[in-house]
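Structure assessment
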Amino acid sequence: LSLFFIDEVAKYRQYDELGNEINGEYGEIFEEEYMAVLNKYITIEDTPYIQYLKSIAVQDTHKGYFSIDKKTNRMVNPTLGKKSEISDDISAYDLILKNKERLLSFDEPCRFIFSHSALREGWDNPNIFQICTLKQSDSKITKRQEVGRGMRLCVNADGIRQDYALLQNDIHNINKLTVVASDSYKDFVGELQSEFKDDLYNHP
């Protein structure tokens, strides 16, 4: 799974005059770029993975998980607490909380998730391998929340944790998180890596 944190719901999801969901600019850009990469990639060879990619419609491979306005039943920016940039509306994440097992399955076509705010602690999906932040934030707590969504030991299709006991020296080749972030993350990343180094210094 890949996770995008965006600055405004309307940039991903909008509604037409009849109330039907349509792509915002991020949704449009994503689908254009996804198809461009896919069309280059699928010409190489016809492996089971390529066949799997071909079976997924572009509009089904990405979804947005946002707060839902109870009056209009439309996705909206969440209400944020005065001291927090994390949504106080847990209804935004009901779907991914309830469908945790399905999101780990190849039967689920969704592989790219767009969200407005850092996901709450309740969602602990271990198979986030890419995180992209398309918003600016000065909050270290928010950054920790966002990056923390991907800092998990992943599981395979059988739900078996891919840890050191199983993978030995390949553990870091499998459990690799890529974060695409703005310059605002530079100092945060440096501090985080220093913390890791200090915490792990005396570990075998």
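Residues numbered from 1 in each chain as written. Predicted model: local features only at pLDDT ≥ 70, side-chain atom pairs only at ≥ 80, totals over all residues. Heavy atoms only, no water.

**Brief notes about helix α5 (residues 140-148)**
Of the residues making up α5, those classed as buried are Thr142, Lys143, Gln145, Glu146, Val147 and Gly148. Where the residues of α5 are buried, they touch β1 (2-6), β8 (130-134) and α8 (186-200). (Buried < 20%, exposed > 50% of the residue type's maximum accessible area, 1.4 Å probe, protein only. Helix = DSSP H or I, 4+ residues; strand = E, 2+ residues; numbered from the N terminus. Contact = heavy atoms within 4.5 Å.)

**Some points on the nonpolar core**
If you look at the biggest cluster of nonpolar residues, it comprises 16 residues, and the most contacted ones within it are Phe4, Ile6, Phe30, Tyr34, Phe66 and Phe114. Of all the secondary structure elements, the ones that give two or more residues to this core are β1, α1 (25-41), α2 (48-54) and β7 (112-115). In terms of residues, this core owes the most to one element, α1, which gives four residues. Excluding residues that lie within four positions of it along the chain, Phe30 makes contacts with Phe4, Thr61, His62, Phe112 and Phe114. Judged by nonpolar contacts, the second largest core, of nine residues, contains Leu3, Phe5, Cys110 and Ile113. (Core = buried A, V, L, I, M, F, W, Y, C linked by side-chain atoms within 4.5 Å.)

**Things to note about the packing of α5 against α8**
Their axes nearest at 11 Å, the elements α5 and α8 cross at an angle of 70 degrees. In terms of orientation, α5 and α8 fall into the roughly perpendicular class. The hand of the α5/α8 crossing is right-handed. The residues of α8 that touch α5, namely those facing Lys140, Lys143, Arg144 and Val147, are Phe188, Glu191, Leu192 and Glu195. Across the contact of α5 with α8, the residue classes tally to three nonpolar, no polar and five charged. (Axes fitted to C-alpha atoms, helices over the stretch in contact; angles between N-to-C directions. Parallel < 35°, antiparallel > 145°, perpendicular 65-115°, else oblique. Left-handed = near helix turned anticlockwise from the far one by under 90°. Nonpolar A, V, L, I, M, F, W, Y, C, P; charged D, E, K, R; others polar.)

**Focus: the sheet that holds β1**
Taken in spatial order, the five strands make up an open sheet running β4-β7-β1-β8-β9, and their pairing is parallel. Looking at the sheet topology across the chains shown, the edges are occupied by β4 (62-65) and β9 (178-180). Across this sheet, the average inter-strand angle for adjacent strands is 20 degrees, counted without regard to direction. Note: β1 against β7, four bridges, orientation parallel. Counted as the bridge partner of Ser2 is Phe112 from β7. The sheet contacts of α1 involve β1, β4, β7 and β8, and relative to β7 the element is tilted by about 165 degrees. (Pairing = 2+ DSSP bridges.)

**Notes on α1**
Counted at 1.5 Å a residue, the expected span for α1 with its 17 residues is 24 Å, and the 24 Å between its end C-alpha atoms agrees. All of the buried residues in α1 are Tyr26, Gly27, Phe30, Glu31, Tyr34 and Leu38. Projected down its long axis, α1 carries its buried residues within an arc of 125 degrees, all on one side. Exposed side of α1, more than 90 degrees from the buried face: Glu32, Glu33 and Lys40 are the residues found there. Tucked into the core, α1 has its buried residues touching β1, β3 (21-23), α2, β4, β7 and β8. (Expected span 1.5 Å × (residues − 1). Arc of directions from axis to C-beta.)

**A short note on the pattern of salt bridges**
Throughout the structure, instances matching the rule amount to six salt bridges. Note that Lys11 and Asp7 form a salt bridge whose closest N and O atoms lie 2.9 Å from each other. Among the residues examined, Lys11 registers a relative accessible area of 22% and is labelled partly exposed. (Salt bridge = Lys/Arg side-chain N within 4 Å of Asp/Glu carboxyl O.)

**A short note on a nonpolar patch on the surface**
A cluster of nonpolar side chains, contributed by Val37, Tyr41, Ile44 and Tyr49, occupies part of the molecular surface with about 420 Å² of accessible area. Given a relative accessible area of 39%, Tyr41 falls into the partly exposed group. (Patch = residues over 30% accessible without salt bridge, like charges linked within 9 Å, V, L, I, M, F, W, Y side chains within 5 Å. Areas by Shrake-Rupley, 256 points an atom, 1.4 Å probe, with all protein chains shown as cover.)

**Brief notes about the confidence of the model for the chain**
Chain-level pLDDT for the chain is 80 on average; 80% of the residues reach the 70-or-more range. For the chain, the element scoring lowest by mean pLDDT is strand β6 (residues 75-76), at 56; helix α6 (residues 164-167) scores highest, at 94. Of the regions scoring below 50 in pLDDT, residues 80-92 engages in 29 contacts with residues more than four places distant in sequence or in other chains. (pLDDT = per-residue confidence, 0-100.)

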